[in-house]
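Chain by chain, the residues run as shown.
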Amino acid sequence: AAKRCRAWLEERLAQADARDAESLNVLEENMNAKKQVDSALARSKAVEARQRDAARHLGQREEGLDAKLAALTASVHAARRREDDAAAARARAADELAEKSRALDERAGELKDEDAMLKDRALALDAEIAHAERSSRDLDEARADALAAADAADACRAALEEQPRRR
């Protein structure tokens, strides 16, 4: 009975070790995935910074274009040809600015979607890591219980071996 008890306890300990190794592998995979998500978030933030710089540059360019437009408008009364040139320049600048503005708005929407997706993934990974850590703690407790049971089985076996000697 003691041998069966011991074998059963050793089997449980082996199972607990296997589950612990699996949990550690899952935890490592989750940590690697979290690093990838963190890297992607950092890249996303860098893209957002470049986008802000581009928007600032476009704002400065727009201010410059507005100054040119004001100068052209003041000279309109001098010549009809200058008026046509100024109108054409305004139309081109407005088209370019509108196109760039649309492109930036689309990219901003994409970046917000990517950022939300990456944040959701990071939260999911954090939950998986927490679960893996709880599982690891549970396995550690199960291993401690199995070792205590093995010690108790050893004590039982020692007591059983002592009985025949007393008779």
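Everything discussed here concerns the structure shown above.
Residues numbered from 1 in each chain as written. Predicted model: local features only at pLDDT ≥ 70, side-chain atom pairs only at ≥ 80, totals over all residues. Heavy atoms only, no water.

**What to know about the overall build of the protein chain**
Moving on, step 1. In terms of regular secondary structure, the protein chain is built from two helices and zero strands.
Moving on, step 2. Here the C-alpha atoms of the protein chain give a radius of gyration of 36 Å, more than 25% beyond the 15 Å that 2.2 N^0.38 yields for 167 residues.
Moving on, step 3. Over its C-alpha atoms, taken along the principal directions, the protein chain stretches across nearly 130 × 15 × 15 Å.
Moving on, step 4. Buried positions account for 19% of the 167 residues belonging to the protein chain.
Moving on, step 5. Long-range contacts, defined here as pairs at least 24 residues apart, represent 89% of the contacts in the protein chain between residues at least 6 apart.
Moving on, step 6. With an accessible surface of roughly 12,200 Å², the protein chain has 53% of that area assigned to carbon and sulfur atoms.
Moving on, step 7. In the protein chain, 32 positive and 37 negative side-chain charges are present, and the distance between their average locations comes to 2 Å. (Helix = DSSP H or I, 4+ residues; strand = E, 2+ residues; numbered from the N terminus. Rg over C-alpha atoms; globule rule 2.2 N^0.38 Å. Buried < 20%, exposed > 50% of the residue type's maximum accessible area, 1.4 Å probe, protein only. Contact = heavy atoms within 4.5 Å. Areas by Shrake-Rupley, 256 points an atom, 1.4 Å probe, with all protein chains shown as cover. Lys, Arg positive; Asp, Glu negative; His and termini not counted. Charge placed at Lys NZ, Arg CZ, Asp CG, Glu CD.)

**A word on the state of the cysteines**
Moving on, step 1. Counting across every chain of the model gives zero disulfides.
Moving on, step 2. Left without a disulfide partner, cysteine 5 is nearest to the cysteine sulfur of cysteine 156, which lies 6.9 Å away.
Moving on, step 3. Judged by its relative accessible area of 33%, cysteine 5 is partly exposed. (Disulfide = S-S within 2.5 Å.)

**As for the environment of glutamate 62**
Moving on, step 1. Mapped onto the elements, glutamate 62 comes out in helix H1 (residues 2-75).
Moving on, step 2. By relative accessible area, which is 36% here, glutamate 62 ends up partly exposed.
Moving on, step 3. For the pair glutamate 62 and glutamate 28, spaced 34 residues apart in the sequence, the C-alpha separation amounts to 50 Å.

**Focus on the pattern of salt bridges**
Moving on, step 1. Under the definition given, this model contains 14 salt bridges.
Moving on, step 2. One salt bridge in this structure joins aspartate 126 and lysine 34, with 4.0 Å as the shortest N-O distance. Of the two residues, aspartate 126 sits in helix H2 (residues 80-166) while lysine 34 sits in helix H1, which places them 92 residues apart along the sequence.
Moving on, step 3. Residue classification places aspartate 126 among the partly exposed residues on the basis of a relative accessible area of 34%.
Moving on, step 4. In this structure lysine 34 comes out as partly exposed when scored by relative accessible area, which is 22%.
Moving on, step 5. One salt-bridge network, in which partners are shared between bridges, spans Arg6, Glu10, Asp154 and Arg157. (Salt bridge = Lys/Arg side-chain N within 4 Å of Asp/Glu carboxyl O.)

**Considerations on the environment of glutamate 128**
Moving on, step 1. Checked against the element boundaries, glutamate 128 lands in helix H2.
Moving on, step 2. Relative accessible area serves as the criterion here: at 35%, glutamate 128 is assigned to the partly exposed category.
Moving on, step 3. When residues no more than four places from it in sequence are discounted, the contact partners of glutamate 128 are Asn30 and Arg121.

**Structural notes on the side chain of asparagine 30**
Moving on, step 1. Along the polypeptide, asparagine 30 turns up in helix H1.
Moving on, step 2. Dropping the residues within four chain positions of it, asparagine 30 is found in contact with Leu125, Glu128 and Ile129.

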